[in-house]
Amino acid sequence: MAERVLIDGNEAIARGAISAGCKHFFGYPITPQNEIPEFMSRELPKIGGVFVQSECEAASVYMVYGGALAGARVMTSTASPGFSLMQEGISYIAEAEVPAVIVNVMRMGPGIGTGGQHGQTDYRQVTKGGGHGAYRCIVLAPYSAQECFDHMQLAFYLADKYRVLVLVLTDFIIGRMAEPVELRTLEFDPLPGKDWALKGKALKDGKRKFFVSAAFNYGGAPPRYYQHMAEVYQKIKDSEIRYEAYREEDATLLVVSYGSSARMAKRAVDMARAEGRRAGLFRPVTLWPFPEEAVQQAACRAGKVLVVEDSPGELVEDVKFAVQGKVPVHLLGIWGRYTPKGGIMTGGSGIIYPENILEEVRGLA
Amino acid sequence: MEKGRTGYFELIVAGRGGQGALTIGRLLADAGMSGYRHVTYFPNYGAAMRGGESECTVILSDQEITGLAMLEPAAVILMGAAPLEEFERRIKPGGLLIFDGSLAAQKVNREDIKVIDLPATRIAAELGDSRAANFVFLGAYLAATGAVLPELCEEVLEKKLRGGKNKTLLSIDKQALREGAKLAGVG
Amino acid sequence: MKGEVVTREKVYGSPKLRVPLPFRFFCPGCHYGVIVRLICEVLEELGIEGRAVGLAGVGCSFGPIPVAIDIDFTACPHGRAPAMATAIKRIHPEAVVFTVQGDGDLGAIGLGCFMNALLRGEKLTTIFLNNACYGTTGGQMAPTTILGMRTTTTPEGRDPRTTGYPLHAAELVATMKGVAYSARCTVHTPGNFRRAKKAVKTAFQKQMDGIGYGFVEFLSACPTNWRLSPPDCLKFISEKMITEYPPAEFKNIDVSELPVEWR
């Protein structure tokens, strides 16, 4: 059996990446993801890898772009404001169809927010794309340290398989929370070689590769480019949708939640069940592609939906779209946080505790 | 299995940055790794490096841990002058509160919880280092709940401090753990 | 004369690496074509075409240069070539990685990215094309526009009180510790072309020897946006540009000048 260690989500991300063969990391410090670059700076040189501390997130993302073009498994990690800075580069990486992984350990708010505390307010930006040009990225949302570790391996595999950018979305809570992680290496299907990598033509088949723009790659015709991308995205939708359904077969209320909120919601479901209330949890694991059909079916079976997210309401838009008005969809958003008296920083910013969700569930089921 | 082990323990340790609230939370989680299938340690603290509020939640369980934090914990350790009123109110009926009454402005009013009031800072100072107060609290918690064996905590502590310059620190920390257990007045 | 045998020897032609373009990318009189030729010749003469990776910035270099040189090449987002080159070089240290960037790309939007690559002492080479304006977008003011020069965004001529002063990249680069070589060249006369070729060769050699960053700035004519005929552009370079931007070698250190532990 694989070694079992108590590590936090951030370290699990870093270790997962290394176990996926990522030996090149380009990053910039920002709270609450600093444990990732710190770990990489310590560990990568030991395995012949490279850690570069960039001067800003815009540089990080272009180092990732360059590294992806060079054919290596490369990544960066950041938090919300840094992720905003990366949007241009993300759009370019999507255009060039090169595989890479970016982790966003999101934090609360637009702008500086709370300077690094918890919140899930990047959902819309991450899933819909903050950059220009109608591209898509696969988005994985782990909700435990083990999933952080496993999802990084999955992320690199999916990126290589489809030649897309994979975003791993966690948050302050998932990043900081330590849990036992089994350091297991996941098995995936074989992948095609990267004959398109830039490294000097003599270092591969002697044929040169050059990249100018996507339209150029597709004969200068944007419709042909978008047709190709639509096919890629359809393949991803057909085979890569992932979600967890928990105690939802006989539920009369479906709680939909992801990431750290889903942890709280899962507990709330258990508490509700203990009271005899038939609540169930639906947790999207891929936020894009979003498990639309599965959400709709589960929602229609239950007849009522409660979305729980630590945000003013972003996931709820996707859920409403999926449900198409067939059943009522309620939201327990950031206003559902319990805010203690006293402190203004940690305590004062509040948390949506399982008990807060249970209260809401009691009113609905 | 250890005495009093029920297969599920949850604890919030609250204090200010520098008091070691997170240190003992993490220590408990590390020590819990050998006896429990599931462990969560969730530290929550402000952006400031020192002096801000800090709090952590530890859960040890034989079953999958669905939550990771709770509004109403079964046990709370309050370091120094952490907000007593807030946490006293939140503890589950029948739960446990460990704090230093000599540093608190108010009295505990609830009668449906177990209260261990111990002058941890003074005890630690008498042992040679007031910064070991957190270990006095942890010792009391372990004695009162049996969540993990104190020896396991000492082992983890030894591993963590191995190669460290301060051998006296380790010895004081261990003594503080034992002293806390003694003063918990279990039974 | 009747009966005399005529032998023909090719004495001038395109470098092997120069890919013929399907249509004309550069304006008549633009120096980019000459500089592309120069780069091809240097890569061939150093024998590094097989391990060369080029990165072109946004501007008139964006499309044509990656296409025109028969090596691994990518166009880059505006100003970001040094960051992308950093990753490629770190991942494939045996590759010879260089960027070709214009003055808007390197000197404005990408100045921070470029400076930080220098600060990190990356083993890269940068060819900087200074034509004193934004060529592709229609001749707007660039960081390198000389004082008094009319552009589409300085219609009355560049006035330092409102638009600041020209960027002297080669001099600035020479002050940076991670840099092994910095020079400014022109290609407006055959003699200058030869000197420029030597400079570019040296700049590549510094990377190959692992000494440090190599940088060569070119003064390059832009007849379209300068609104001058190609011959007048040459005159403008020799009379105006050179006064502001003197061609010279500003830094050239060899391995003996590095601290012993870094050699």
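So, here's what we can say about the structure. Position labels on residues start from 1 in each chain and follow its written sequence. Working convention: letters from A go to chains and numbers from 1 go to ligands, in the order in which they are written. With the structure being a predicted model, the display of local features is reserved for residues of pLDDT at least 70 and the display and counting of side-chain atom pairs for 80 or more, all residues being used for whole-chain, interface and lining totals. Only hydrogens and water are set aside; all other atoms, that is, all heavy atoms of the structure, feed into the side-chain values.

### Concerning the overall build of chain A
Moving on, step 1. Helix and strand assignments follow DSSP, with helices taken as H or I runs no shorter than four residues and strands as E runs no shorter than two, numbered in order from the N terminus. Scanning chain A for helices and strands turns up 15 helices and 15 strands.
Moving on, step 2. We take the radius of gyration over the C-alpha atoms and set the globule estimate at 2.2 Å times the residue count to the 0.38 power. A globule of 365 residues ought to have a C-alpha radius of gyration of about 21 Å, and chain A, at 21 Å, matches this closely.
Moving on, step 3. Principal axes of the C-alpha set define a box for chain A whose edges measure 70 × 45 × 45 Å.
Moving on, step 4. Exposure is judged per residue with a 1.4 Å probe applied to protein chains only, and the accessible area is read against the type maximum: over 50% gives exposed, under 20% gives buried, and values in between give partly exposed. Buried residues in chain A amount to 64% of all 365 residues.
Moving on, step 5. Contacts are residue-level and defined by heavy atoms, with any inter-residue pair within 4.5 Å sufficient. Sequence separation of 24 or more characterises 78% of the internal contacts of chain A that already satisfy a separation of 6 or more.
Moving on, step 6. Here the open area of atoms and residues is found with the Shrake-Rupley method and a 1.4 Å probe, where only the protein chains shown may cover a residue. Put simply, chain A shows about 12700 Å² of open surface, and 51% of that area lies on carbon and sulfur atoms.

### Details of the overall build of chain B
Moving on, step 1. Helix and strand counts for chain B stand at six helices and six strands.
Moving on, step 2. Going from N to C terminus, chain B has its helices and strands arranged as β-α-β-β-β-α-β-β-α-α-α-α.
Moving on, step 3. For chain B, the spread of C-alpha atoms along the three principal axes comes to 40 × 40 × 40 Å.
Moving on, step 4. For chain B, buried positions account for 52% of its 187 residues.
Moving on, step 5. Relative to all contacts within chain B whose residues are 6 or more apart in sequence, the contacts with residues 24 or more apart total 57%.
Moving on, step 6. Just so you have it, chain B exposes about 8300 Å², and 53% of that area is on carbon and sulfur atoms.
Moving on, step 7. Here chain B holds 22 positive side-chain charges and 23 negative ones, and the gap between their average locations is 6 Å. When charges are counted, neither His nor the chain ends are considered; positive counts come from Lys and Arg and negative counts from Asp and Glu. In this description, the location of a charge corresponds to atom NZ of lysine, CZ of arginine, CG of aspartate or CD of glutamate.

### Describing the sheet that holds strand E4 (residues 125–130) of chain C
Moving on, step 1. Pairs of strands are assigned from DSSP output, requiring at least two bridges between the strands. Read from one edge of the open sheet, eight strands run E9(A)-E2(C)-E1(C)-E3(C)-E4(C)-E8(C)-E7(C)-E9(C), paired in mixed fashion. Two strands close off the open sheet at either side, each with one partner strand: strand E9 (210–211) of chain A together with strand E9 (248–252) of chain C.
Moving on, step 2. Bridging between strand E1 (residues 52–56) of chain C and strand E3 (residues 96–102) of chain C involves five bridges; their strand directions are parallel. Among the inter-strand pairings, alanine 52 of chain C is bridged to a residue of E3 of chain C, identified as valine 96 of chain C.
Moving on, step 3. Every axis in this analysis is a line fitted to C-alpha atoms, fitted for helices over the stretch in contact. Angles between the N-to-C directions lie between 0 and 180 degrees. Each of E4, strand E7 (179–186) and strand E8 (213–219) of chain C is contacted by helix H5 (residues 111–119) of chain C, which is oriented at about 140 degrees to E8 of chain C, the strand it contacts most.

### Re the nonpolar core
Moving on, step 1. Residues enter a nonpolar core if they are buried and are Ala, Val, Leu, Ile, Met, Phe, Trp, Tyr or Cys, with the set joined through side-chain atoms within 4.5 Å. Counting 158 residues, the largest nonpolar core has Tyr65, Met75, Val319 and Ile357 of chain A as the members making the most contacts within it.
Moving on, step 2. Excluding residues within four positions of it along the chain, isoleucine 357 of chain A makes contact with Ser261, Met264, Ala265, Ala268, Leu306, Val308, Leu332 and Ile352 of chain A.
Moving on, step 3. With 47 residues, the next largest nonpolar core counts Leu11, Val13, Leu27 and Val58 of chain B among its residues.

### Let's talk about the packing of helix H3 (residues 57–69) of chain A against helix H5 (residues 87–96) of chain A
All names here are of chain A.
Moving on, step 1. Interaxial distance between H3 and H5 falls to 8 Å at its minimum, and their mutual angle equals 15 degrees. Between H3 and H5, the interaxial angle falls into the category roughly parallel. In this structure, H3 crosses over H5, and the sense of that crossing is right-handed. Two secondary-structure elements touch here, H3 through Val61, Tyr62, Val64 and Tyr65 and H5 through Glu88, Gly89, Ile90, Tyr92, Ile93 and Ala96. Each angle gets one of four labels, with under 35 degrees taken as roughly parallel, over 145 as roughly antiparallel, 65 to 115 as roughly perpendicular, and the rest as oblique. Handedness of a crossing is defined here by the sense of rotation of the near helix relative to the far one, left-handed for an anticlockwise turn of less than a right angle and right-handed for a clockwise turn.

### Side note on the pattern of salt bridges
Moving on, step 1. Any Lys or Arg side-chain nitrogen located within 4 Å of an Asp or Glu carboxyl oxygen qualifies as a salt bridge. Tallied over the entire structure, the rule returns 47 salt bridges over all chains.
Moving on, step 2. Here glutamate 317 of chain A and arginine 124 of chain A are joined by a salt bridge, their closest N and O atoms 2.9 Å apart. Taken together, the residues span a long stretch of sequence, with glutamate 317 of chain A in helix H13 (residues 315–323) and arginine 124 of chain A in helix H6 (residues 123–128) at a distance of 193 residues.
Moving on, step 3. On the accessibility criterion, glutamate 317 of chain A (38% relative accessible area) is partly exposed.
Moving on, step 4. Exposure remark for arginine 124 of chain A: the relative accessible area of 38% places this residue in the partly exposed category.
Moving on, step 5. Connected through salt bridges with shared partners, the residues Glu147, Glu244, Lys266 and Arg283 of chain A together with Glu64 of chain B form a single ionic network.

### Things to note about the interface of chain A and chain B
Moving on, step 1. Tallying the contact residues gives 34 residues for chain A and 31 residues for chain B.
Moving on, step 2. When the two sides are added together, the surface that chain A and chain B hide from each other amounts to roughly 2900 Å², 52% of it contributed by carbon and sulfur.
Moving on, step 3. Between chain A and chain B we count one salt bridge in total.
Moving on, step 4. Those elements giving two or more residues to the side of chain A that touches chain B turn out to be strand E1 (4–8), helix H8 (172–176), strand E8 (178–182), helix H11 (259–274), helix H14 (346–349) and helix H15 (354–364) of chain A.
Moving on, step 5. When residues in the side of chain A that touches chain B are grouped by element, the largest group, five residues, is from H11 of chain A.
Moving on, step 6. By residue class, the composition of the side of chain A that touches chain B is 17 nonpolar, seven polar and 10 charged. Note on terms: buried area is the combined drop in 1.4 Å-probe accessible area of two parts once they are placed together, counting the loss on both. Only Asp, Glu, Lys and Arg are considered charged in this grouping, and only Ala, Val, Leu, Ile, Met, Phe, Trp, Tyr, Cys and Pro are considered nonpolar; every other residue, Gly among them, is considered polar.

### Some details on the interface of chain C and chain A
Moving on, step 1. Taken together, the contact pairs 35 residues of chain C with 35 residues of chain A.
Moving on, step 2. Both faces combined, the contact of chain C with chain A buries some 2600 Å², and carbon together with sulfur accounts for 65% of it.
Moving on, step 3. On the surface where chain C and chain A come into contact, there are four salt bridges.
Moving on, step 4. Across the pair lysine 204 of chain A and aspartate 72 of chain C runs a salt bridge, and its minimum N-O distance is 2.5 Å.
Moving on, step 5. Secondary structure elements with two or more residues in the side of chain C that touches chain A: E1, helix H2 (64–68), strand E2 (72–75), helix H3 (81–91) and H5 of chain C.

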